[in-house]
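Listed below are the residues making up each chain.
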Amino acid sequence: MNVKTKFSLVLFLLCGVLLYGQESYLLKGTVVSEEGNSPIPGVNVSVLNSQTGVSTDFDGNYEISVTANDIVQFTYVGFTPQVVTITGQTRADIVLKIDAGTLDEVVVIGYGSQSRTKITGAVGKVKNEDLDQIAVGTANEALVGQVAGLNIQATEGEAGSNSTINIRGIGSIAGASGPLLVVDGVVLDAEFLNTVDVNDIESVEVLKDAASAAIYGSRASGGVIIISTKLGKEGKTRFSYNTFTGFKEARQSDAYDISVAKSHAEELAQTGELSLRSQYRELIGIDQSWQDRIFDGGIIESHSLSARGGSEKTKFNTSLSYLHDEGVLLTDDFKKYNFRLKVDTEVNDKFSFGANIAPSYTNRRRFDGSTHDILRQQPWLPTYHDENSIQYVDRNVFPNVQIGDYAQERHFDNYDLFGDGSELVDISTTSNQNPAAKVLERHRTDEQFRMYGNFYGKYELAKGLSFKATLGGDYQNRKQRRWQGVEASRNGASAAQLDLDTFDQIHILTEGLLSYDTSFGSHNISAILGASAEKWDREYSAIGVNGFENDLIQTLGGGTSVIENISYNTEERLVSFFGRVNYSFEDKYLASASLRTDGHSSFGVNNKYGYFPAVSVGWNLAREDFLSESDVISDLKLRGSYGFTGNKDISLGSGVISDNIELYPSLQLYGPNSAVFGNEVSSGLAPINVANPDLQWERSSETNVALDFGFFNGRISGSIDAYNKVSDQLLLNVPISTTTGFREGLANRGEVVNRGIEVELRTRNITNEKFTWRTTILASTNENELTDFAGASGLITNVDDKRAAEWITLEGQPISSFYGFVVDREVPVEFITDPYAVVGGEAQDVYVRDLNGDGLIDDDDKTVIGDPFPDLVWSIANDFQIGDVDFSFTFQGSWGAEVRNIADQYIFNHFSSREGTNLEVATDQNFLQQKIFTDAIISDASYVALRTLNLGYTLDSDLISQVGLSSARVYVSGQNLLYFTADGYTGWNPESYQNEGALNVGYQRGGNPIARTISLGLNLEF
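Sequence order sets the numbering: in each chain, residues are counted from 1 along the sequence as written. Two thresholds apply to this predicted model, a pLDDT of at least 70 for residue-level local features and 80 or more for giving and counting side-chain atom pairs, whereas whole-chain, interface and lining totals are computed over all residues. Each side-chain value is worked out from all heavy atoms of the structure, with water and hydrogens disregarded.

Draft legend 1. Spotlight on the overall build of the protein chain. Labels follow the DSSP assignment, with helices taken as runs of H or I lasting at least four residues and strands as runs of E lasting at least two, numbered in each case from the N terminus. For the protein chain, the count of helices and strands is 12 helices and 56 strands. Here the protein chain has a C-alpha radius of gyration of 33 Å; the compact-globule value for 1022 residues is 31 Å, and the two agree. In terms of its C-alpha atoms, the protein chain occupies a principal-axis envelope of roughly 145 × 70 × 65 Å. The criterion used for residue contact is that any of the two residues' heavy atoms lie within 4.5 Å. A fraction of 70% describes how many contacts in the protein chain between residues 6 or more apart in sequence connect residues 24 or more apart. In this description, accessible areas are obtained by the Shrake-Rupley approach with a 1.4 Å probe, and a residue is regarded as covered only by the protein chains that are shown. Here the protein chain has roughly 44,700 Å² of accessible surface; of this, 53% comes from carbon and sulfur atoms. Think of it this way: Lys and Arg go in the positive column, Asp and Glu in the negative one, and His and the chain ends go nowhere. A single reference atom marks each charge: NZ on Lys, CZ on Arg, CG on Asp, CD on Glu. On the protein chain, the mean spot of the 81 positive side-chain charges and the mean spot of the 136 negative ones are 8 Å from each other. C-alpha atoms define the radius of gyration in this analysis, and the globule rule sets the expected value at 2.2 Å times the number of residues to the power 0.38.

Draft legend 2. Broad picture of the sheet that holds strand 42 (residues 806–809). For two strands to be treated as a pair, DSSP must find at least two bridges joining them. Within the open sheet, the 4 strands sit side by side as 41-42-43-46. Their pairing is antiparallel. With one partner strand each, in any of the chains shown, strand 41 (795–798) and strand 46 (863–866) form the two edges of the open sheet. Within the sheet, the average angular offset between the axes of one strand and its neighbour, ignoring direction, is 50°. Looking at chain direction, strand 41 and strand 42 are connected through 4 bridges and run antiparallel. Counted as the bridge partner of I796 is I808 from strand 42. Axis lines are fitted to C-alpha atoms, over the contacting stretch for helices. Their N-to-C directions set the angle, which ranges from 0 to 180 degrees.

Draft legend 3. Helix 4 (residues 260–271), seen in detail. Expected helix span is given by 1.5 Å per residue-to-residue step, counting one fewer step than there are residues. Helix length check: helix 4, at 12 residues, gives a terminal C-alpha distance of 16 Å against a target of 16 Å (1.5 Å per residue), a fit within 8%. The complete set of buried residues in helix 4 reads V260, S263, H264 and E267. The buried residues of helix 4 occupy one face: seen down the axis, they fall within an arc of 95°. When the buried face of helix 4 is taken as reference, the exposed residues oriented beyond 90 degrees from it are K262 and A269. Backbone geometry just after helix 4 places G272 at a positive phi near 85°. Burial status follows relative accessibility: with a 1.4 Å probe on protein chains alone, a residue under 20% of its type maximum counts as buried, one over 50% as exposed, and anything between as partly exposed. As used here, the arc is the angular range of directions from the helix axis to the C-beta atoms.

Draft legend 4. Inspection of the environment of D416 at higher detail. By the element assignment, D416 lies in strand 22 (residues 415–416). Given the relative accessible area of 23%, D416 is considered partly exposed. In this structure, the C-alpha to C-alpha distance between D416 and N1008, residues 592 residues apart in sequence, is 39 Å. Not counting residues up to four positions away in its chain, the partners in contact with D416 are G421, S422, E423 and L424. Counted as a polar contact is a pair of N or O atoms within 3.5 Å, where, for protein atoms, one must be capable of donating a hydrogen and the other of accepting one, and residues adjacent in sequence contribute only when both atoms are in side chains. Separated by 3.0 Å, the side chain of D416 and the backbone nitrogen of G419 make a polar contact.

Draft legend 5. Broad picture of the pairing of strand 39 (residues 771–780). As defined by bridge partners, strand 38 (residues 751–767) adjoins strand 39 across 9 bridges and the pair is classed as antiparallel. Among the inter-strand pairings, T767 is bridged to a residue of strand 39, identified as T772. In this antiparallel pair of consecutive strands, strand 38 and strand 39, the connection spans 3 residues. Relative to strand 47 (residues 872–882), strand 39 runs antiparallel, the two sharing 10 bridges. Directly across from T772, in strand 47, lies its bridge partner Q881.

Draft legend 6. Quick look at the nonpolar core. Core analysis: the largest hydrophobic core is formed by 34 residues, its most contacted members being Y280, I294, L375, W380 and F412. If you list the elements that add at least two residues to this core, you get helix 5 (276–284), helix 6 (290–294), helix 8 (435–440) and helix 11 (903–907). Top contributing element to this core by residue count: helix 8, with 3 residues. The contact partners of F412, leaving out residues within four places of it in the chain, are Y280, I284, W380, L381, P382, H385, S389, Y392, A407, V425 and I427. Think of a nonpolar core as a cluster: buried Ala, Val, Leu, Ile, Met, Phe, Trp, Tyr and Cys residues, connected wherever their side-chain atoms sit within 4.5 Å. With 28 residues, the next largest nonpolar core counts V136, V196, I201 and V206 among its residues.

Draft legend 7. Main features of the sheet that holds strand 7 (residues 94–96). Taken in spatial order, the 3 strands of this open sheet run 4-1-7, and their pairing is mixed. In the strand order of this sheet, the two ends are held by strand 4 (61–66) and strand 7, each with one partner. Across this sheet, the average inter-strand angle for adjacent strands is 35°, counted without regard to direction. Two strands pair when backbone bridges link them, and strand 1 (residues 25–33) and strand 4 are joined in this way by 6 bridges, in the antiparallel orientation. For L26, the partnering residue across the bridge sits in strand 4 and is S65.

Draft legend 8. Geometry of the pairing of strand 38. Looking at chain direction, strand 35 (residues 716–728) and strand 38 are connected through 13 bridges and run antiparallel. Its bridge partner being in strand 38, D721 is matched across the sheet by E758. Looking at chain direction, strand 38 and strand 40 (residues 783–788) are connected through 5 bridges and run antiparallel. Looking at strand 40, one finds that N754 is bridged to N784.

Draft legend 9. Fine view of the packing of aromatic side chains. Aromatic rings from Phe, Tyr and Trp, taking only the six-membered ring of Trp, are treated as a pair when their centres fall within 6.5 Å; an angle between ring planes under 30 degrees marks them as stacked, one over 60 as edge-to-face, and anything in between as tilted. Enumeration over the complete set of coordinates arrives at 34 aromatic pairs. Feature note: the residues F771, W773, F880, F887, F889 and F891 constitute an aromatic cluster, connected by ring pairs. Geometry around W807 places R900 over its ring, the cationic atom sitting 5.4 Å from the centre. Distance and angle both matter: a charge sits over a ring if NZ of Lys or CZ of Arg is within 6 Å of the ring centre and within 35 degrees of the ring normal.

Draft legend 10. Structural detail: the pattern of salt bridges. Any Lys or Arg side-chain nitrogen located within 4 Å of an Asp or Glu carboxyl oxygen qualifies as a salt bridge. Counted by the stated rule, this structure contains 50 salt bridges. As a salt-bridge pair, D368 and R482 come within 2.8 Å of each other at their nearest N and O atoms. Here D368, found in the loop between strand 21 (351–365) and helix 7 (371–374), pairs with R482, found in strand 25 (residues 465–484); they are 114 residues apart in sequence, far enough to count as distant. Given the relative accessible area of 3%, D368 is considered buried. For R482, a relative accessible area of 27% translates into the label partly exposed.

Draft legend 11. A nonpolar patch on the surface, seen in detail. A surface patch of nonpolar side chains, amounting to about 680 Å² of accessible area, comprises V347, F351, F353, Y459, L461, F467, L514 and L529. Contributing elements (two or more residues each) for the nonpolar patch: strand 21 and strand 24 (442–462). Among the secondary structure elements, Y459 is positioned in strand 24. By relative accessible area, which is 38% here, Y459 ends up partly exposed. The patches reported here contain residues having more than 30% relative accessible area and no salt bridge. Joining distances are 9 Å for like charges and 5 Å for nonpolar side chains (Val, Leu, Ile, Met, Phe, Trp, Tyr).

Draft legend 12. Quick look at unusual backbone geometry. Unusually for a residue other than glycine, N69 sits at a positive phi of about 75°. On the secondary structure map, N69 appears in the loop between strand 4 and strand 5 (71–75). N69 gets classed as exposed once you look at its relative accessible area, which sits at 61%.

Draft legend 13. Just the confidence of the model for the protein chain, in detail. For the protein chain, per-residue confidence averages 89 on the pLDDT scale, and residues scoring 70 or more make up 95% of the total. Low confidence marks residues 3–21, where pLDDT is under 50. Its contacts with residues over four positions away, or in another chain, come to 2 contacts. Per residue, pLDDT measures the predictor's confidence, with a range of 0 to 100.

Draft legend 14. Structural detail: the side chain of R900. Mapped onto the secondary structure, R900 falls in strand 49 (residues 898–901). Among buried Asp, Glu, Lys and Arg side chains, R900 stands out as unpaired, with E806 the closest opposite charge at 7.0 Å. Within the structure, R900 has its side chain in polar contact with the backbone oxygen of E806 (distance 2.4 Å).

Draft legend 15. Up close: a negative patch on the surface. Taken together, the side chains of D254, D257, E282, D287 and D292 make up a negatively charged region of the molecular surface. By secondary structure assignment, the location of E282 is in helix 5. Given the relative accessible area of 45%, E282 is considered partly exposed.

Draft legend 16. Spotlight on helix 5. Those residues of helix 5 that sit buried are S278, Y280, R281 and I284. Buried residues in helix 5, looked at end-on, bunch into an arc of 155°, giving them a common side. Elements that come into contact with the buried residues of helix 5 comprise helix 4, strand 22 and strand 23 (424–425). Looking one or two residues past helix 5, G285 carries a phi angle of roughly 80°, positive in sign.

Draft legend 17. A look at the environment of A903. Summarising the element assignment, A903 is placed in helix 11. A relative accessible area of 0% means that A903 is categorised as buried. Along the primary structure A903 and S370 are separated by 533 residues, whereas in three dimensions their C-alpha atoms are 9.8 Å apart. When near neighbours in sequence (up to four residues on either side) are disregarded, A903 contacts Y256, H372, Q1004, R1005 and G1006.

Dropping the structure here:
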């Protein structure tokens, strides 16, 4: 073999070795978290300096093509990146460590996102896994106790009903005080929160201070709730199916559990004998609480199916869900259907576009009545007449009553107790129809179709500079039907009535947004500049008909008289320009500034545009040299902000006139009217308000100072925020000269201050492979003070002239304060005319205090007797993971709020003359007042609730993979399993109160009950 041949052979062998060394092969492995050794889905696994990359699946598994000497990087938000050098190994199992500095790092802040470490405003965040494990029907229920300063109250209590939501208190008197809702960049009505499927939520951000919310300008004085739904993900399509079925029951009131047996036992103990009325009730033999009959409980079930996947360029997420909630009240029923499709496509490196559409349909049958009125009747009254009860019917007055008819209390009057005509006994307390008939013979439904969505295109103009154009909006169609049947009222067919309401709204949004992000040296700047135009077109119509003879034809044609016929169209327009600049230096020194300008059709020509600036700064002390090496302090940041937000929503009552004034308050408006000329009535138009071209937005200015902290590599973390929020230029009806033809007109006057402290504390108590335990503690305080009431300080108002309990609005006090007499002592039983005439009855009078000591009881002895605002709202959550078993629970509570519970007067028959004071024997009669005008019906509305409890088990992956599943979890969930109220609270729901405006907060009529729920659920991935 010559040298040339030998050289060729060696060269060939060397090339073979090199080629072999460059052959690619699959690297496999699993990525888990250091906490609990749990798999992490969605980890980015990439080969550095190449285009090769994959994501871990639901079980944390991955496969990636590699060659020798490649460097594979593993990255995931909230964890420290890790790299592996390829030296021929075929498997690499990775344990990612939590990075306290970047945990929860991506936060949506409105028109963009920002690293948590760079946030300078007050922003709370709730991640998806904290919500979709809660077996509830609506997103507002799932958010209770999740963010400090976000107060959610179940004020209605019906299935599918809206909650009352406040962030940092009430700052308006005639306007709305609730937060703005933004879902996937679309500004929506607050009611849309009920239509969002909890399973679709990726995260919820709550913008609490003015600096973070000012980017939404005139609509953000009540804070902002931003919901981001789940995005598509590259890789094989993954399906998820989540379902649960549960039983709901009402929390009953022990105080309202009126019992014949208990009442008669008290009477015997007091007098030694039963009165004739009590003897008669014994004969009837019925003793059943109306709570048991009306609070019938129900089933709740939910099904949600989603698909998520896509290619490197196009990703999608779609879902379909169904919810059926029967509530806890008779006839209460709620059905919800949701569909969602979200698609994002990258055409090339510079251009991308996407679409998001989410229609929903809800069908809700209402509990048509008020619990206080329906449950006021006596427990001896049967629901229907049977063979026993029919014998007691007064045939002289009710000759046609038969077995199977609804029983009324008046049916049982004039009973000949001894059969000889010597004693005719009356036992009725009301002439009303039977409580069950009031509910079952009415049929009230709300049907709503809602849809929101947007389409966008995004183009990268230059490095770090992009432009995004969006067309979006929403559509609403609501149909309400209310049938009050012949037997729904004691007045029979003459009170039968059909009401039909329809409402349509189209909201269209167009928006252009320039975004810029750049870094140079230790500096980072991100900025946005945008403009938007929005329009709302609404159409409303209502018609009411009576004159029905029976229940057979329940249509408009079945009636004979039109008693209401209304229709109107309205338009609303908003034009906005906005911008924001965020700056950071070495991630230590932070600053942000924003400005929004809004022009709105509601306001006067002299103030058509409003300006809402904000600034905030931050200092990351943990990044300073003197703390960067600390083993104790892992995060320490000071924040401060100041900014302005606005409120454009006015609420002047209900009706066509007020609705139009709310939309066009600055203009001179006209409504239909009539006048007499000669002997004829002529129709025409007349002014309905006074024009005010100077009207402008209500405005809130807010200062927020805060400290974010973390210790021991994030094992203990949290924040403390203190704020002072001043709301001025309030829209109020103020007295004006009567020469205008009106007594009052709308103007910008008045000021309200809200100040408080919010605390969030999160701890990782135990973290190892077999056991983890995390705790979250949230607490917030808020003090509400009216500092300027435009010369009307001391205004006294009431809600119901028949039950004229009073509120007072005083400067230096909260917006709403209860007003009345202070109870001194109860009226003794011996002074009551007939204390046992009514089962469960109480004296309607009480002795009150002579506060000014003049020996008389008059208005000078009235005082502030409470207020409806809580002093402290808090929650404590604990999460445990023991192998494949997970367990969590959340206690949530409120302290210090009070309610004026008018239901006491109804349930305890305070207005019954039989329970009145016997003036022939009572002493100190000058000091008597009805309880409704005193603090006797002011109740402490504090409560502590076990809001959620979950126990789950994740099945073995090897076992379920045999049937094509990648993950399966079964769980048991409970809501409100424990619910403790303050001593003396008598109603069903301390969170509930009627929405009677800011001047009359805390007006309660018992409230619809809190529901306890126990559910069995299943989560599947395949």
